[in-house]
Amino acid sequence: MAGEIVALAGGIGAARFLEGLVTVAPPERVVIIGNTGDDLELHGLYICPDLDTVAYTLSGNVNPERGWGIAGDTFSCLEALSRLGAETWFGLGDRDLATHLFRTEMLRGGLPLSEATRRITEALGVRARLLPATDQRCRTRIQTDAGLLDFQVYFVQRKAEDRVLGIIFDGAEQARPAPGVLEALQACVRRGIHAAVIVSSGFREAGLDGAALEAEILRVAKMSKVRLIGPNCIGLLDTHLPLDTTFLPPPMPAAGDVAFISQSGAICAAIIDWARGQGF
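Because the structure is a prediction, the values reported are computed rather than measured.

Parameters at a glance
Residues numbered from 1 in each chain as written. Predicted model: local features only at pLDDT ≥ 70, side-chain atom pairs only at ≥ 80, totals over all residues. Heavy atoms only, no water. Pairing = 2+ DSSP bridges. Helix = DSSP H or I, 4+ residues; strand = E, 2+ residues; numbered from the N terminus. Axes fitted to C-alpha atoms, helices over the stretch in contact; angles between N-to-C directions. Contact = heavy atoms within 4.5 Å. Buried < 20%, exposed > 50% of the residue type's maximum accessible area, 1.4 Å probe, protein only. Polar contact = N/O pair within 3.5 Å; in protein donor to acceptor, adjacent residues only side chain to side chain. Core = buried A, V, L, I, M, F, W, Y, C linked by side-chain atoms within 4.5 Å. 1 Å grid on protein atoms, 1.4 Å probe; cavity = no way out; pocket = protein on both sides within 12 Å on 5 of 7 lines; lining within 4 Å. Points joined across faces, edges and corners; volume = space filled by probe spheres on them. Nonpolar A, V, L, I, M, F, W, Y, C, P; charged D, E, K, R; others polar. Salt bridge = Lys/Arg side-chain N within 4 Å of Asp/Glu carboxyl O.

Caption draft 1: Highlighting the sheet that holds strand β1 (residues 5–9). Strand order in the open sheet formed by three strands is β1-β2-β5, with parallel pairing between adjacent strands. Each edge of the sheet is formed by a strand with only one pairing partner; in this case those strands are β1 and β5 (129–132). Averaged over all pairs of adjacent strands, the angle between their axes in this sheet comes to 20°, without regard to strand direction. With five bridges joining them, β1 and strand β2 (residues 30–34) adopt parallel strand pairing. In the sheet register, Ile5 faces β2, and the bridge partner there is Val30. Sitting on the sheet, helix α1 (residues 12–24) is in contact with β1 and β2, with an inclination near 160° to β1. Packed onto the sheet, helix α2 (residues 49–58) meets β1, β2 and β5 and runs at close to 175° relative to β5.

Caption draft 2: Focus on the side chain of Thr134. By the secondary structure assignment, Thr134 is in the loop between β5 and β6 (139–144). For Thr134, a relative accessible area of 5% puts it in the buried group. A polar contact of 3.0 Å, which involves the side chain of Thr134, links it to the side chain of Gln136.

Caption draft 3: Focus on unusual backbone geometry. In the Ramachandran plot, His43 falls in the positive-phi region, its phi being about 55° despite a non-glycine side chain. Residue placement: His43 occurs in the loop between β3 (40–42) and β4 (45–47).

Caption draft 4: Main features of the nonpolar core. If you look at the biggest cluster of nonpolar residues, it comprises 19 residues, and the most contacted ones within it are Leu18, Ile32, Val54 and Leu58. Mapped by element, the contributors of at least two residues to this core are β1, α1, β2 and α2. Leave out the neighbours within four places in its chain, and Leu58 touches Leu18, Glu19, Val22, Ile32, Val126 and Ala128. Counting residues in hydrophobic clusters, the runner-up holds eight residues, among them Leu40, Phe90, Leu92 and Leu97.

Caption draft 5: Molecular detail of empty space enclosed by the protein. In the structure shown here, the tally under the stated rule is one cavity of 30 Å³ or more. The calculated volume of the largest cavity comes to roughly 40 Å³. As for the largest cavity, its lining consists of Leu51, Asp52, Ala55, Arg103, Thr117, Ile120, Thr121 and Leu130. For the lining of the largest cavity, the elements supplying multiple residues, two or more each, are α2 and α5 (113–124). Residue composition of the lining of the largest cavity, grouped by class: four nonpolar, two polar and two charged.

Caption draft 6: Main features of the sheet that holds strand β7 (residues 147–150). On the basis of which strands lie adjacent, the open sheet formed by three strands has the order β7-β6-β8 and antiparallel pairing. Of all strands in the sheet, those with a lone pairing partner are β7 and β8 (164–170), marking the two edges. Across the sheet, the mean angle from the axis of one strand to that of its neighbour is 25°, orientation sign disregarded. One ladder, built from four bridges, connects β6 with β7; its direction is antiparallel. Residue Gln143 lies in a different strand from β7, and its bridge partner there is Leu148.

Caption draft 7: Geometry of the pattern of salt bridges. Considering all chains together, one arrives at 10 salt bridges under this definition. A salt bridge links Arg103 to Asp52; the shortest N-O distance between them is 2.3 Å. One end of the pair, Arg103, is in helix α4 (residues 94–108); the other, Asp52, is in helix α2, with 51 residues separating them in the sequence. Per residue, the accessibility class of Arg103 equals that of Asp52, and both read buried. Asp73 is paired through a salt bridge with Arg95; the nearest N and O atoms lie 3.9 Å apart. Taken together, the positions of Asp73 in the loop between α2 and α3 (76–83) and Arg95 in helix α4 put the pair 22 residues apart, joining distant regions of the chain. Take Asp73: its relative accessible area is 13%, and that puts it in the buried class.

Below is the structure:
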């Protein structure tokens, strides 16, 4: 594989990290394995929020204030759907809809998600290689006191206000890595990487299979003397580079001389939010 730098990516936080990464490394050397566990089908369209956020960011099209969607997009179609009585809780811009229409048409025509993603990123001018984690459908579902909810319904429509009782990765048992994922990880090992940040979840908190995967990651890391942050972490933020791998909303705190590390992502987020309010 031509790629030498492999990144496991979610949405907004990963996209910001990757935006910085491709400024210090040739984009053609970067292989991105994107999260598909938060995908959804809405209005008859197949929507991949995390893949699209990465693609829009690396192509210079992302809305910088939100961190998702397309800059300057309009919402005429969503407003028309609202007048018709359709659900409009998921903010789809007019130009953003073109991406979902294009992807859905390719999938219905029999192409795998990895090929649809390749065509979308190529059309947008993304020079890095973006791969979905799997071509199979794998969904994150949240068990709550209000019932079993799809992740986007829980997170976006209901604003994460329901009490979480458990998490189900529906389809994970049947999911297989998309073409190029295993090769990318193997290339990572062959290149002698010395440090890695694993932001993604799906390890011991997901059950026995996830715990086994985490144990294998730690074994390989120790054997190869690779320093790890993660998995299932908020990432890191360096105000001097600047580098932000988190999913925290902008703006980034001002550069200063104070540093801290925490086992809890929630505490990190609270301190950063407090620091902004204090003018740091």
